[in-house]
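Now for the letters of each chain:
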Amino acid sequence: MNLIRLSHHNPAATVVAFLIIGLLGFAGLMKMPVQLTPDLNRPVITILNFWRAAAPAELEAEIVEPQEYVIRAVSGVEEVRSSVRAGMSITIVEFGIGENMQQAFINVINALNQAPPRPREAGEPIVELGGLEESVATLLIRKTDPMADADFTKHQQLIRDYVEPELRKIPGIAAVTLNSEQEQQLHITIDPYRMAALGINLDTITRAVQRSANMSGGFAEVGRREYTVRFNGQYTPETYGDMIVAYNDGRPVYLKEVADISIGHDKARSFAYRNGSPAYFITLSRANESNTVTIMEELKKIIDQLNTTVLAENGLQMDLSFDSSEHIKRAIELVKGNLGIGIILAMALLYWMVRGLRATLLIGLTIPVSLLAALFVLNALDRSINIISLAGLAFAVGLVMDAAIVVQENFLRWRQQGLSVKEAAIKGTTEVAPALFASTATTVAIFAPVLFMVGVEGQLFFDLAVSMAVAVVMSMLSALFLLPVIATIVLRHASSTPAPQPLWEKLGRGYEKVSLAPRRALFWVVLLVPGAMVLILLLMPRTDFLPEAKWEGIMSIFVVPPGANYNVLEREVGQTLKRRLQPYLDGSKQPQIGSYNIAMSAGGNILFVYPEDPKDAAAVLNLLRTEILVDLPDTQAFAFQASLLNMGLSAGRSVYMNFNGNMDDASRLIVERTMDRIRDELPGAVIRPLPGVRDARPELTMTPNNYSLAQAGVDRGQIGSMIRAITNGLYAGEYFDGHERMDIIVRSPQWANPEQLQATPLFTPKAGVQTMGQLTHLSRATGPTQLRRINGKRTLTLAITPPDNVSLDETIEILDSVMAETRPQLGSGMSIELSGGSDDLQKAIDVMKDNFIFAVAILFLLLTALFRSATDSILVLLSMPVAIAGGVLGLQALNLVTFQSLDLLTMIGFVILLGLVVNNAILLVDQTRRGQRSGMNIEEAIRHAIQTRVRPVYMSSLTSVVGMLPLVVIPGVGSEIYRGLAVVIVGGMTLSTVFMLVYMPAALRLADYLRILPQKEKSYA
């Protein structure tokens, strides 16, 4: 007894089995986390270094370069790139796809342990597995008093004790970063003049401070007890002034005589504003596989709780300045809406074709069963509900009814021939089961290469492939087992079935007329296959990496003048932006702005603007570019609309042109000319030099006078320490009272001009009191504000973002021609290359080519096994160019309305299309060969196949197209991600459906004619 008969033998068990799968899928839906996209993991490791007040050149020489040297020796490292700024550096170590990142993480840590010792002031390197991902939320704490100052130092303890712990408690939060935190320090503010008068130098004070520490003496047995012996040598902030640092003519000199001791904070080197009010900036990062929507819901509760209790009591209020769940919810709601609309449209079209409510509902039953089964598998694989997985379910809506339509049509045909309901269900299902299995196998096989893709592309497509493949498999199982069983119950008392509609008979006769004559068959085969190939070559769009998928958030990046201090930036840039944005914030001018955030620090200078109405995003972007950001003092600004796929997973649409080597003035002039050439070739492109081409931070360089130093009896280290102390402060150790730990900084009152610096006195052993000007030569120079390094070489990078209507492939072609002109002009020690989006695109195209070839090979083997004929397999495969041409025409039609390039998701649409369009061809070939085996000649068999399959072909194809149509025509947040893919499938299936019943009969007729032609010629001879 076969499985189909067995399902009818125990119909209750069959129904219950499918119900269990549905319930498991529903339970999985309730548990799955909600994200915008799947969790994407790139094979990278990030290393952060911090060295207070260190210039980029010193940080590079003392820390970054030695670390890069040992890291490049780690197995599997493909690229090491570093960005070095004042006081901090970020190093990204990139590994090959498929590398064991846990082992790589251990290897990198071991390598860092072999690097030379760091300077005493430098902190331990922070090593993180993964890149610097975008924050899940940003928070800004502001003062409720509009007249309050911008100083949050007195509130830092409250934020650390109450706010930070509450935020860390939220399930799914991996890190809470207090960006505006100013480190608490114990300041010893020396008086250089008083020190010189008393004959005390800086080394004397720092040694005294460093030696005043607690020390363990060990353990001593006294009688019957063991005592711990401790030396309590540490001073408290209140008693540090009583420290004796030296003796002057036998009199003790106390620290309080030459210095003031106080508890203070590190100098602020950043500022933030929330809607014009000074703010304290906090960012939250989520853990992988966490639910962003749930995190944000819990976060909002915490914010409300803190705002009504501890923050309100201290005159503070916390605002959620960036909520990543808002655009996630809108994007997912849009896909859900498209899914629902697609189901309704597909069911309505199906009802119009079937003209029977019960038959329509029976076929439609496969939709919830298939989708719930897909959700069950996604949950079992620890995947999330995201825009990709939901798009896969939306695409599957039309596809999952194909098998049910074929089974239902065959069931009706046998009912019309007089069989009972049960026998018609069994015979009709058994007859089409092999063809359905083959068509399902080809569809699933197409997804096999996608499932095994590695890298970011594979992670992104995995959910799409799994959801569609599982849904199609379950649709076949439900069509073979569930649908016939329910049909025998629902249609048990039906006395007759509707007769076929004349429309389908006329359509079938029309296809017979145009395709069966040998000359016409030759005409159609020659026209469709080569014609489609020519069309593909002429109209295929240029390639791109990932779709932009813009949302309403608008980001502006500022390039500030080298050496600009943050007090000046706040006064000249921050206040100017506040004044210009205020009328649009309060609604007195349009378009209205809902909120904005300004943050400027060593890590970057950014303005985020959120329109009140998301539909006004383009108008607000234009406002920023034409009014708000123009004519800022010595400052350039680049405004652009944020992308949903800007996830730190790639360079996106940005291409990096890297000039490697030591830059001299001639090289910088060449770079500037190259930028001008790119602007001419790519009008509208945004070009940002990293760092600036003429990025020269003003420096005061103090060169020691060796003769004067020798005469005074001091060395270079002592002079360097003194310069550090009277400028940013000299690190002298740590103070810990059992609760708080803070750095001890020896510093002096800030000098206002270079003359004061040179006049600073210091006591020397041999020459008495000398000034800095007597011991050093002061000169003015320039130095870098930022250093960029790639694979051990200094690099100047042009970050080029093409206009929205230019593909990445076209951009790379233009840049290649520009580089060809620039390369001969560079010196022997310089090189130029592209990276970023260009690398990502080339790797992705290579992967997609391999997958396309692999998919076609799998299809050929499966079809050959099904038909037992390589000829029939080739005939089916030759139907693909028509479908691909339909997808290309769909993209060209879309480009008449909005720009659409051939990005990765659109490419995968062509791969998916291969598995879909062969299904109808399989049914036609299978039915034709069945007819021949029953005694029909080839022409009769083809006619019978057309009349039998014309209605199911149109029903399955049109329901698929209509089910996906909302994904094409309904705009919204995130629709750009899947729109190109949807257009390819809809266009390809539409054109394939129209011409499949022309091409396949013509191809079968022509193949038979060519097969018997030699026999005819032989008989004539």
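Model, not experiment: these values are computed from the prediction.

A. The arrangement of the overall build of the protein in detail. Scanning the protein from terminus to terminus reveals 33 helices and 30 strands. Here the C-alpha coordinates of the protein stretch approximately 130 × 75 × 65 Å along the principal axes. A total of about 44,800 Å² of accessible surface is found on the protein, and carbon and sulfur atoms cover 55% of it. Treating the 87 positive side-chain charges of the protein as one cloud and the 96 negative ones as another, the clouds have centres 8 Å apart.

B. A look at the nonpolar core. Formed by 186 residues in total, the largest nonpolar core has its most connected members in F395, M657, F659, L798 and M1000. With 19 residues, the top contributor of residues to this core is helix α17 (residues 455-490). For F395, the contacting residues outside a window of four places in its chain are L464, M468, M964, L967, Y978, L981, A982 and I985.

C. Fine view of the domain arrangement of the protein. Splitting the protein by domain gives domain 1 (43-130), domain 2 (184-266 + 714-776), domain 3 (356-493), domain 4 (501-539 + 869-1015) and domain 5 (550-696 + 787-837). The C-alpha centroid of domain 4 is placed 85 Å from the C-alpha centroid of domain 2.

D. Main features of the confidence of the model for the protein. The predicted model of the protein averages 84 in pLDDT, with 96% of residues at 70 or higher. Predicted confidence for residues 647-651 stays below pLDDT 50, and this span has 17 contacts to residues more than four positions away or in other chains.

E. Looking closely at the packing of aromatic side chains. Inspection of every chain in the model, using the stated rule, returns six aromatic pairs. Ring plane angle 70° and centroid distance 5.8 Å describe the contact between F271 and Y273, whose orientation is recorded as edge-to-face. Of the two residues examined, F271 and Y273, each falls in the buried class. A connected cluster of aromatic rings, assembled from ring pairs, spans F523, W524 and F995. Against the face of F736 rests R741, its NZ or CZ located 4.5 Å from the ring centre.

F. Highlighting a nonpolar patch on the surface. A surface patch of nonpolar side chains, about 320 Å² in accessible area, is lined by V16, I20, L24 and F376. The element contributing the most residues to the nonpolar patch is helix α2 (residues 11-31), with three residues. Tracing the chain through its elements places V16 in helix α2.

G. Main features of the sheet that holds strand β24 (residues 741-747). Strand order in the open sheet formed by four strands is β12-β7-β24-β23, with mixed pairing between adjacent strands. Unpaired on one side and paired on the other, β12 (259-265) and β23 (730-736) mark the two borders of the sheet. This sheet shows a mean twist of 25° between the axes of neighbouring strands, independent of strand direction. Helix-sheet contacts for helix α7 (residues 202-211) involve β7 (184-190), β23 and β24, and the interaxial angle to β23 is about 20°.

H. Spotlight on helix α19 (residues 518-539). Taking 1.5 Å per residue, 22 residues should reach 32 Å; α19 reaches 31 Å between its end C-alpha atoms and fits that length. For α19, the complete set of buried residues consists of A521, W524, V525, L528, V529, A532 and I536.

I. Layout of unusual backbone geometry. Cis geometry is found at the peptide bond from Q590 to P591, where omega equals 0°. Mapped onto the elements of the fold, P591 is located in the loop between α20 (566-585) and β17 (593-601). A cis amide bond links L690 with the next residue in sequence, P691, at an omega value of -10°. With respect to the helices, strands and loops of the structure, P691 is situated in the loop between β21 (686-690) and β22 (697-704). Even without being glycine, D631 reaches a positive phi, approximately 60°. Position of D631 relative to the elements: it lies in the loop between α21 (617-628) and β19 (636-643). The backbone of N791 sits at a positive phi, close to 50°, despite the residue not being glycine. Judged by relative accessible area, N791 falls into the partly exposed class, the value being 37%.

J. Representation of the environment of S75 within the structure. Mapped onto the secondary structure, S75 falls in the loop between α3 (56-71) and β2 (77-85). Of the residues examined, S75 reaches a relative accessible area of 55% and is grouped as exposed. Linking S75 and G96, residues 21 residues apart in sequence, is a C-alpha distance of 10.0 Å. Non-local contacts of S75, meaning those with residues more than four positions away in its chain, are made with F95 and E99.

What counts, and at which threshold
- Residues numbered from 1 in each chain as written.
- Predicted model: local features only at pLDDT ≥ 70, side-chain atom pairs only at ≥ 80, totals over all residues.
- Heavy atoms only, no water.
- Helix = DSSP H or I, 4+ residues; strand = E, 2+ residues; numbered from the N terminus.
- Areas by Shrake-Rupley, 256 points an atom, 1.4 Å probe, with all protein chains shown as cover.
- Lys, Arg positive; Asp, Glu negative; His and termini not counted.
- Charge placed at Lys NZ, Arg CZ, Asp CG, Glu CD.
- Core = buried A, V, L, I, M, F, W, Y, C linked by side-chain atoms within 4.5 Å.
- Buried < 20%, exposed > 50% of the residue type's maximum accessible area, 1.4 Å probe, protein only.
- Contact = heavy atoms within 4.5 Å.
- Domains from an automatic or database assignment.
- pLDDT = per-residue confidence, 0-100.
- Phe/Tyr/Trp six-rings, centres within 6.5 Å; stacked < 30°, edge-to-face > 60°.
- Lys NZ or Arg CZ within 6 Å of the ring centre and 35° of its normal.
- Patch = residues over 30% accessible without salt bridge, like charges linked within 9 Å, V, L, I, M, F, W, Y side chains within 5 Å.
- Salt bridge = Lys/Arg side-chain N within 4 Å of Asp/Glu carboxyl O.
- Pairing = 2+ DSSP bridges.
- Axes fitted to C-alpha atoms, helices over the stretch in contact; angles between N-to-C directions.
- Expected span 1.5 Å × (residues − 1).

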